[in-house]
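Fold and geometry: a report
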Amino acid sequence: MNDIIYEIQSKIKSKILLDYEMKKSTWFRAGGKALGYVTVNNLKDLKTIISYVDKIKYFIIGVGSNLLVRDPGYDGLIIKLGKNFNKIKIKNNILSVGAGVMDINLAKFAAKNSIKDFEFFIGIPGTIGGAVKMNAGCYGSQTSDNLKRVLTLNSKGKLGYVNADELKLKYRSSKIAEKSIILKADFFFNYSSYDEIIKKNNQIKLKRERSQPLKEKTSGSTFKNPQGKFAAELIEKAGCKNMKVGDASVSNVHANFIINNGNATALDIEMLGNKIIKKVKNDFGITLEWEIKILGE
């Protein structure tokens, strides 16, 4: 497999790091190695890598905020979109946002330009590519609210726009093909009072600081909210609030967050999550779904 990586490396400018410790690039700070890790800074390099889809697996990451790589590792390439996919532009009443832009930076850009309805992004860890793919949201808003279309690169190296209604965006899900890569998202927008936008940003930041374990080694929410329910409430009522496996535990601040207390393995985290799923299922007949993406065998 390394031969394929060396061949790819000979054709691209972006540097591939071999046997990369994924714990360095995930918020859990746990898990195994990837065969290779590359920050791709241009479309040409990305197309070259994708042309090897039949020979090597790949997975696109943002900032690793909701990713857990199993301890044995991932036998493929981890791709992070670099500087050329990290731009925001206003053109013809459309806000065009690169997939590598951090959600919080989009919220700050919108505030600076007196653009409303993007305040909720300040409460979401991750990047816009991931936000679109899972229709991320919080505090009553979600990515699909103002989305017009996305630019994607499919596994055959073809570029194309996909309109929002074709993406079938629902709660924490979309119909974007597994191997299609989101490069850019275009949003409709409206202007508002700068002071009102800043006020809303600050309210969301304060809510997060008071209700989430932001200073811990953790991901975003561990599980999706079942329809009409809150995962955190179900977990707490099922008596899982102080549950532990190894060095992983359920947060005392917010029950839908699993914490790495220092030396948790990916297995500790996954086993704890599965114990929670089983307990909630037994108590309430509801099966929680992971919101965290788990990679590896």
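Quick look at the structure, then. Since we're looking at a predicted model, the values are computed, not measured.

Some thoughts on the overall build of the protein
For the protein, the helix and strand inventory stands at 7 helices and 17 strands. Whereas a compact globule of 297 residues would reach a radius of gyration of roughly 19 Å, the protein reaches 19 Å, a difference of no more than 12%. In terms of its C-alpha atoms, the protein occupies a principal-axis envelope of roughly 55 × 55 × 30 Å. Burial statistics for the protein: of 297 residues in total, 51% are counted as buried. Of the contacts formed within the protein by residues at least 6 apart in sequence, a portion of 65% connects residues at least 24 apart. For the protein, the exposed surface amounts to about 14800 Å²; the carbon and sulfur share of it is 48%. For the protein, the distance from the average site of its 49 positive side-chain charges to the average site of its 29 negative ones is 4 Å.

Remarks on the sheet that holds strand β12 (residues 181-188)
Backbone hydrogen bonds hold the strands of a sheet together, and the pairing may be parallel or antiparallel. What the 5 strands build is an open sheet, ordered β6-β7-β12-β10-β11; its pairing is antiparallel. At either end of the open sheet lies a strand with only one pairing partner, and these are β6 (88-91) and β11 (159-163). Ignoring which end each strand starts from, the neighbouring axes of this sheet average 20 degrees apart. Note: strand β7 (residues 94-98) against β12, 5 bridges, orientation antiparallel. If you follow Ser96 over to β12, its bridge partner there is Asp186. On the sheet, helix α3 (residues 103-112) packs against β6 and β7 and is oriented at approximately 40 degrees with respect to β6.

Here's the deal with the side chain of Thr26
Residue position: Thr26 is located in the loop between β1 (16-21) and β2 (33-40). If near-sequence neighbours (up to four positions away) are discounted, Thr26 is found in contact with Gly64 and Leu67.

Thoughts on the pattern of salt bridges
For side chains of opposite charge, pairing can occur when their charged atoms come near one another. Applying the stated rule across the entire model yields 8 salt bridges. A salt bridge links Asp75 to Lys57; the nearest nitrogen and oxygen atoms lie 2.6 Å apart. With a gap of 18 residues between them, Asp75 in strand β5 (residues 74-81) and Lys57 in strand β3 (residues 57-61) connect regions that are remote in the sequence. For Lys57, a relative accessible area of 35% gives the class partly exposed.

Let's talk about helix α7 (residues 266-284)
Helix length check: α7 (19 residues) gives 27 Å between terminal C-alpha atoms against 27 Å at 1.5 Å per residue, within 8%. Listed as buried for α7 are Ala266, Asp268, Ile269, Glu270, Leu272, Gly273, Ile276, Ile277 and Val280. Looking at the buried positions of α7, the neighbouring elements they touch are β4 (67-69), α6 (231-237), β14 (244-245), β15 (248-250), β16 (258-260) and β17 (293-295).

Thoughts on the sheet that holds β14
Reading across the sheet, the 4 strands line up as β13-β16-β15-β14 and stay open at both edges, with antiparallel pairing between neighbours. Two strands close off the open sheet at either side, each with one partner strand: β13 (217-218) and β14. Across 2 bridges, β13 lies against β16 in antiparallel orientation. Its bridge partner lying in β16, Thr218 is registered against Ile259.

Describing the nonpolar core
With 52 residues, the main nonpolar core has Ile8, Leu46, Phe118, Phe121, Ile128, Val132 and Leu147 as its most contacted residues. It is β12 that provides the largest number of residues to this core, a total of 5 residues. If sequence neighbours within four positions are ignored, Phe121 has contacts with Asp103, Ile104, Leu106, Ala107, Ile128, Ala131 and Thr143. Counting 28 residues, the second largest nonpolar core, distinct from the first, contains Ala30, Met243, Leu272 and Ile292.

What counts and what doesn't
Residues numbered from 1 in each chain as written. Predicted model: local features only at pLDDT ≥ 70, side-chain atom pairs only at ≥ 80, totals over all residues. Heavy atoms only, no water. Helix = DSSP H or I, 4+ residues; strand = E, 2+ residues; numbered from the N terminus. Rg over C-alpha atoms; globule rule 2.2 N^0.38 Å. Buried < 20%, exposed > 50% of the residue type's maximum accessible area, 1.4 Å probe, protein only. Contact = heavy atoms within 4.5 Å. Areas by Shrake-Rupley, 256 points an atom, 1.4 Å probe, with all protein chains shown as cover. Lys, Arg positive; Asp, Glu negative; His and termini not counted. Charge placed at Lys NZ, Arg CZ, Asp CG, Glu CD. Pairing = 2+ DSSP bridges. Axes fitted to C-alpha atoms, helices over the stretch in contact; angles between N-to-C directions. Salt bridge = Lys/Arg side-chain N within 4 Å of Asp/Glu carboxyl O. Expected span 1.5 Å × (residues − 1). Core = buried A, V, L, I, M, F, W, Y, C linked by side-chain atoms within 4.5 Å.

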